[in-house]
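A look at the structure
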Amino acid sequence: MGKITGFLEHERLEEPHEPAEARKKHYREFYLRLSDEAAAVQGARCMDCGIPFCMSGCPVNNIIPDWNDLVYRQDWKNAIEVLHSTNNFPEFTGRICPAPCEEACVLRINADPVGIKSIEHAIVDKAWEEGWVRPQPAAHKTGKKIAIVGSGGAGLACAQQLARAGHDVTVFEKSDRIGGLLRYGIPDFKLEKAVIDRRLEQLRAEGVQFRTKTLVGSQAPGKGIVSDAREKIVPEKLLLEYDAVVLAGGAEQPRELPIPGRSLDGVHFAMEFLPLQNRRVAGDTEVAELTAAGKHVVVIGGGDTGSDCIGTSNRQGARSVTNFELFPMPPDVERNPVWPYWPTRLRTSSSHEEGVERDWSVATKQFVGKDGKVTALKAVRLAWKDGKSSEMPGSEFDLPADLVLLAMGFVSPLQSLLEEFGVHKDARGNAKASTENSASGAAYATSVPKVFAAGDMRRGQSLVVWAIREGRQAAHSVDKFLMGTTNLPR
């Protein structure tokens, strides 16, 4: 490494950001990238650890020590080349990935880990500023046509790789804009949509075609699933017109809470609420009037989606925000007790810092309403033992609630889509496909000939970094399936 003793001399530095009260007044990103000099110091903290567990902790296997060293030496142009060699969209992961690489950092055993995510953020933003991110169109066309269903991280990564291999790629998206959950599931204060748009321009220049407002399948999605479809295409048509089809949509089916009062007005899935604000920020005028302004908001679910609901509710002017989690409060350990694996610990997001009452081991039993609108909920506290819960006698309580947001995760992809394609499903309702080649078929191939699956559609609800990995690997498999060989990285 460039500075052998850097980890002993320098402390971890957080990215500069606005204080909570200031950032709650707008929907822009409030974390700024590190300066060139600060990033170099953070790169110097990367140890000569011998075995870079950070690389195995990263789903796309980013070559982290190399670009840390290059940033320390201020060789930014080579740093973005190394970063792009494993990750099509580091501007997404550098903003919204929870950084499992940092939990696997050797320095994390007894000190603050290397600020890998902040360095990644600095590299890619520097590259865009300098004009180093340019289209890479294929020199020769293969004449093969590929349809990709879904335009999130997996679909876009797969599309870019296949277009660069010379194939004609069309991405189908049922929303009015490209990006999937990156576009409509993640608030602008975490990922401004101009960050997506500039990358889409690169993909278009590389030959990728996009068809929005187009639903693949004959059945309209249900509540909590974003769709602006004005056109439907049945799977048979795709299979007839394209040489390969990649199912790369999300695990969009939200987990339901079937308790009394669920049908009351004011009880909504998170994805009925979050996309509306993204549309307002994008300049849309005819947006449904569902906001948290002046309301007692209860967010049920303690994950990233719940956190996004909290941040959005506070910006809209909620009267109060309460967050329920079914499971017990995790320990607030200082270090990683299960290094190099992802630990279970209390995590406080930037949205939590902006104001919320968090409560753990709570089960919601009933929604109470008046004149058809929710006004409160009834809940009970839980006791946990050996991974099982039981209600604590006498712990029932009521809580005022004018808006309840269900953010309890997503259970599966849209089942009707998989059924219309006829692909086999796993026990959790995902498209069944192996990540490795086998006697039964190519990697990421489904049970239906020339149909592949990647991302949340195959693995279930997961991170954008896993989506990018699977999109890239599926592209490798599709290219080899079509051409007999491939130069795309695995």
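Residues numbered from 1 in each chain as written. Predicted model: local features only at pLDDT ≥ 70, side-chain atom pairs only at ≥ 80, totals over all residues. Heavy atoms only, no water.

On to helix 14 (residues 270-281). With twelve residues, helix 14 extends 17 Å between its outermost C-alpha atoms, agreeing within 8% with the 16 Å of an ideal straight helix rising 1.5 Å per residue. Of all twelve residues making up helix 14, nine are buried, and the element is well covered by its neighbours. Within helix 14 the residues assigned to the buried category are Ala270, Met271, Phe273, Leu274, Pro275, Leu276, Gln277, Asn278 and Arg279. Turning to helix 14, the residues buried within the fold contact helix 11 (181-184), helix 12 (193-205), strand 8 (267-269), helix 15 (304-316), strand 16 (403-406) and strand 17 (410-412). Gly283, located one to two residues past helix 14, shows a positive phi value of around 100 degrees. (Helix = DSSP H or I, 4+ residues; strand = E, 2+ residues; numbered from the N terminus. Expected span 1.5 Å × (residues − 1). Buried < 20%, exposed > 50% of the residue type's maximum accessible area, 1.4 Å probe, protein only. Contact = heavy atoms within 4.5 Å.)

Now for the sheet that holds strand 18 (residues 451-453). Pairing between the strands of a sheet is mediated by backbone hydrogen bonds and can be parallel or antiparallel. The strand order across the open sheet formed by five strands is 3-2-1-6-18, and the pairing between neighbours is parallel. Only two strands of the sheet have a single neighbouring strand rather than two, namely strand 3 (209-211) and strand 18. The sheet shows a mean angle of 20 degrees between the axes of neighbouring strands, taken without regard to direction. Pairing geometry for strand 2 (residues 168-172) and strand 3, over three bridges, is parallel. (Pairing = 2+ DSSP bridges. Axes fitted to C-alpha atoms, helices over the stretch in contact; angles between N-to-C directions.)

What follows deals with the side chain of Arg315. Along the chain, Arg315 falls in helix 15. Within the local environment of Arg315, its side chain forms a polar contact with the backbone oxygen of Gly311, the two atoms lying 3.0 Å apart. In this structure, Arg315 is in contact with Arg23, Lys24, His26, Tyr27, Phe30, Phe189 and Glu354, ignoring residues within four places of it in sequence. (Polar contact = N/O pair within 3.5 Å; in protein donor to acceptor, adjacent residues only side chain to side chain.)

Now for the packing of helix 6 (residues 76-84) against helix 9 (residues 116-130). For the pair helix 6 and helix 9, the least separation of the axes is 9 Å and the interaxial angle reads 110 degrees. Our classification of the angle between helix 6 and helix 9 gives roughly perpendicular. In this structure, the crossing between helix 6 and helix 9 has a hand that is left-handed. For the pair helix 6 and helix 9, contact is made by Trp76, Ala79, Ile80 and Leu83 and by Glu120, Ala122, Ile123, Val124, Lys126 and Ala127, respectively. Among the residues forming the contact of helix 6 with helix 9, the class breakdown is eight nonpolar, no polar and two charged. (Parallel < 35°, antiparallel > 145°, perpendicular 65-115°, else oblique. Left-handed = near helix turned anticlockwise from the far one by under 90°. Nonpolar A, V, L, I, M, F, W, Y, C, P; charged D, E, K, R; others polar.)

So, about helix 15. Here helix 15 is 13 residues long and its end C-alpha atoms lie 18 Å apart, about the 18 Å a rise of 1.5 Å per residue gives. Within helix 15, twelve of the 13 residues are buried, which leaves it mostly tucked inside the rest of the structure. Among the residues making up helix 15, those that are buried are Thr305, Gly306, Ser307, Asp308, Cys309, Ile310, Gly311, Thr312, Ser313, Asn314, Arg315 and Gln316. In the stretch just after helix 15, Gly317 is the one whose phi turns positive, near 90 degrees.

Taken together, five strands build an open sheet; the order of strands is 8-16-9-10-11 and the sheet is parallel. Among the strands making up the open sheet, the edge pair consists of strand 8 and strand 11 (357-360). Pairs of neighbouring strands in the sheet enclose a mean axial angle of 20 degrees, with direction left out of account. Taken together, the three bridges between strand 8 and strand 16 define a ladder with parallel strand orientation. Of the residues in strand 16, the one forming a bridge with Val267 is Val404. Along the sheet face, helix 14 touches strand 8 and strand 16 and points at about 75 degrees away from the line of strand 8.

Here we come to the environment of Ile119. For Ile119, the location among the structural elements is in helix 9. Given the relative accessible area of 0%, Ile119 is considered buried. For the pair formed by Ile119 and Gly43, sequence separation is 76 residues and the distance between their alpha carbons is 7.2 Å. For Ile119, the contacting residues outside a window of four places in its chain are Gln42, Gly43, Trp67, Asn68, Val71 and Val114.

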